[in-house]
Amino acid sequence: MSEIIEYKPWYQSKTVWGALIAIGASVLRVKGVDVGLAEQGELADAIVSLVGSFGGLLAIYGRLSAKKVIGG
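The chain carries the name Holin in an unreviewed UniProt entry, which gives Ciceribacter lividus as its organism.

So this is what it looks like as structure tokens:
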């Protein structure tokens, strides 16, 4: 039996954002700013939520500014 794999865009991945934030935290640590693991997790959650909200707003804007109606 084959398994259905669902895909999502990279920018909706907490793993990707977590990795980017961890890299950023490492850079900040070199500069003398310490970002703890808890803050990194909270930041990743917040970014994923914001990106999702932005995607929804962009979809609404796209539909409202479209020149043609949806039809089949």
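Q: Break down the pattern of salt bridges for me, citing the residues and quoting the values.
A: This model, assessed by the stated rule, comprises two salt bridges. Note that Lys14 and Asp45 form a salt bridge whose closest N and O atoms lie 3.4 Å from each other. Residue Lys14 is located in helix 1 (residues 14–30), and its partner Asp45 is located in helix 2 (residues 37–65); the two are separated by 31 residues in the primary sequence. A relative accessible area of 48% places Lys14 in the partly exposed class. For Asp45, a relative accessible area of 38% corresponds to the partly exposed category. For Asp34, the salt bridge is made with Arg29, and the minimal N-O distance between the two is 3.5 Å. Classification of Arg29 as partly exposed rests on a relative accessible area of 46%.

Q: Give a description of helix 2 that names residues and reports values.
A: The terminal C-alpha atoms of helix 2 lie 42 Å apart, and with 29 residues this matches the ideal 42 Å at 1.5 Å per residue to within 8%. Those residues of helix 2 that sit buried are Gln40, Ala44, Val48 and Val51. Against helix 1 lie the buried residues of helix 2.

Q: Report on the environment of Ile23, specifying residues and quantitative values.
A: The topology assignment puts Ile23 in helix 1. Along the backbone, Ile23 and Gly55 are 32 residues apart, and their C-alpha atoms lie at a distance of 25 Å.

Q: Explain the side chain of Gln40 to me, using residue names and the numbers behind them.
A: Relative to the elements of secondary structure, Gln40 occurs in helix 2. Each residue touching Gln40, except ones within four places of it in the same chain, is listed here: Ile21, Ala22, Ala25, Arg29 and Val35.

Definitions and cut-offs
Throughout, residues of each chain are indexed from 1 in the direction in which the sequence is written. Given that this is a predicted model, residues contribute local features only at a pLDDT of at least 70 and side-chain atom pairs are listed and counted only at 80 or more, while totals for whole chains, interfaces and linings are drawn from all residues. Water and hydrogen atoms were dropped before computing side-chain values, which therefore reflect all heavy atoms in the structure. Only one rule defines a salt bridge in this text: a Lys or Arg side-chain nitrogen within 4 Å of an Asp or Glu carboxyl oxygen. Labels follow the DSSP assignment, with helices taken as runs of H or I lasting at least four residues and strands as runs of E lasting at least two, numbered in each case from the N terminus. Each residue is placed in one exposure class: buried if its accessible area under a 1.4 Å probe, protein chains only, is under 20% of its type's maximum, exposed if it is over 50%, and partly exposed if it falls in between. In this scheme, a helix's expected span is set at 1.5 Å multiplied by one less than its residue total. Residue contacts are defined here by distance: any two heavy atoms, one from each residue, within 4.5 Å place the two residues in contact.

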